[in-house]
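# Survey of secondary and tertiary structure
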Amino acid sequence: MDNKEKQTLVTLITFIVIFTGYILYVYNNYVVGDAEILNDLKFCGKAFLIFIPIAILAQIIIYIVFSIINKIITDEDLPTKNDERDKLIELKAIRVSHWIFTLGFLLAMGSLAIGMKPYIMLIILFFSGFISSVFSELTKLYFYRKGF
Amino acid sequence: MSKPVFKIDKCIITNNIRTLRFHANEMTQQELADRTGVTRQTIVAIENGKYFPSLELAFRIAGIFNVPLDNVFSFRLEGDPVKD
């Protein structure tokens, strides 16, 4: 497994762990005691907005730790530049991510159209963001492994 | 009136980068990568036929070995006889 594959895998696992951890934290600390809180759109907005800096910060910290461990084990620096192949793979990953998020957006709007509560729409949007990010990383991993 | 059917044969692109590196004083993949401005992984992928480089990178590679482009990469259509 080359460094780019390792980097992508670490990003993927980190994102899944952070997302799952955050969802469980919010669910156990706020939703379990008072399920009606989901109808408070201010709460939903805050929960989504707080997730972004937490995810970015955690990704940076884990990336630094991973770089140090990788340097100790393999004595190789992680690649810092993106060449033409990396850019092409990234474009393909963005395309996959875009289509999945678009599908999620349509589902979210569909939930409103059939009369579901707004928080269901927000949850679908949040999860489609998550799934699109996961598929984006999986696409990168696929192209790094298989080539094209 | 029936529509014309265009059949495009699958193309096969091969390369001699490994051989050229050998003749260039056993140049390493990392050295070639540094001189062409890409990562070593990209050179590995090109050598293994997993990635076809841009025309610019192809010319850069040929320039480093000081050979014409068709000495580095060869192209044929599926079904064509293999040239020696």
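Rules behind the numbers
- Residues numbered from 1 in each chain as written.
- Chains lettered and ligands numbered in written order.
- Predicted model: local features only at pLDDT ≥ 70, side-chain atom pairs only at ≥ 80, totals over all residues.
- Heavy atoms only, no water.
- Helix = DSSP H or I, 4+ residues; strand = E, 2+ residues; numbered from the N terminus.
- Buried < 20%, exposed > 50% of the residue type's maximum accessible area, 1.4 Å probe, protein only.
- Contact = heavy atoms within 4.5 Å.
- Areas by Shrake-Rupley, 256 points an atom, 1.4 Å probe, with all protein chains shown as cover.
- Buried area = accessible area lost by both parts, 1.4 Å probe.
- Salt bridge = Lys/Arg side-chain N within 4 Å of Asp/Glu carboxyl O.
- Polar contact = N/O pair within 3.5 Å; in protein donor to acceptor, adjacent residues only side chain to side chain.
- Nonpolar A, V, L, I, M, F, W, Y, C, P; charged D, E, K, R; others polar.
- Arc of directions from axis to C-beta.
- Patch = residues over 30% accessible without salt bridge, like charges linked within 9 Å, V, L, I, M, F, W, Y side chains within 5 Å.
- pLDDT = per-residue confidence, 0-100.
- Axes fitted to C-alpha atoms, helices over the stretch in contact; angles between N-to-C directions.
- Parallel < 35°, antiparallel > 145°, perpendicular 65-115°, else oblique.

### Side note on the overall build of chain B
Within chain B, the secondary structure is distributed over five helices and two strands. Shown N-terminal to C-terminal, the secondary structure of chain B runs as helices and strands in the order β-α-α-α-α-α-β. Split into buried and exposed, the 84 residues of chain B put 31% on the buried side. Long-range contacts, defined as pairs at least 24 residues apart, comprise 57% of the intrachain contacts of chain B with a sequence gap of at least 6. Carbon and sulfur atoms make up 55% of the accessible area of chain B, which amounts to about 6,000 Å² in all.

### As for the environment of F48 of chain A
All names here are of chain A. Positionally, F48 belongs in helix α2 (residues 41-74). Sequence separation between F48 and L122 is 74 residues; the distance between their C-alpha atoms is 9.1 Å. Filtering out sequence-adjacent residues up to four positions away, F48 remains in contact with L122, I123 and F126.

### A short note on the interface of chain B and chain A
Facing 12 residues of chain B, the contacting portion of chain A comprises 13 residues. Between chain B and chain A, a total of about 1,100 Å² is buried, with carbon and sulfur atoms accounting for 47% of that surface. Sorting the residues of chain B by area buried against chain A places Q41, K50 and Y51 of chain B first, and these three jointly supply 52% of that buried surface. Our enumeration of links across chain B and chain A arrives at zero salt bridges. At the junction of chain B with chain A, the criterion picks out five residue pairs in polar contact (both at pLDDT 80 or more). Examining the composition of the side of chain B that touches chain A, we find that three residues originate from one element, helix α3 (residues 40-47) of chain B, more than from any other. By residue class, the composition of the side of chain B that touches chain A is six nonpolar, five polar and one charged.

### Considering helix α2 (residues 29-36) of chain B
Residues and elements named next belong to chain B. Taken together, the buried positions of α2 are occupied by Q29, L32, A33 and T36. Here the buried residues of α2 occupy an arc of 100° about the axis, which is enough to place them on one side. Elements that come into contact with the buried residues of α2 comprise α1 (17-23), α3 and α4 (55-65). In the segment just after α2, G37 is the residue with positive phi, at about 80°.

### A look at the environment of M109 of chain A
In this fold, M109 of chain A is placed in helix α3 (residues 84-113). Placed 61 residues apart in sequence, M109 of chain A and F48 of chain A show a C-alpha to C-alpha distance of 18 Å.

### Focus: a nonpolar patch on the surface
Where nonpolar side chains cluster on the molecular surface, the patch consists of L49, I52, I56, L57, I60, I61, I64, V65, I68, I69, I72 and I73 of chain A and spans about 1,200 Å² of accessible area. You can see I69 of chain A is positioned in helix α2.

### Re unusual backbone geometry
All names here are of chain B. One non-glycine residue, N25, lies in positive phi territory at about 65°. Here N25 is to be found in the loop between α1 and α2. Residue classification places N25 among the exposed residues on the basis of a relative accessible area of 74%.

### Regarding the confidence of the model for chain A
Within chain A, residue pLDDT values average 91, and 99% of them lie at 70 or more. Ranking the elements of chain A by mean pLDDT puts α2 of chain A last with 90 and α3 of chain A first with 96.

### Regarding the packing of α2 of chain B against α3 of chain B
All names here are of chain B. It is at 8 Å that the axes of α2 and α3 come closest, and there the two elements cross at 110°. If you check the angle between α2 and α3, you find them roughly perpendicular. Where α2 abuts α3, its residues Q29, Q30, L32, A33 and T36 lie against R40, I43, V44 and E47. Within the contact of α2 with α3, the residues separate by chemical class into four nonpolar, three polar and two charged.

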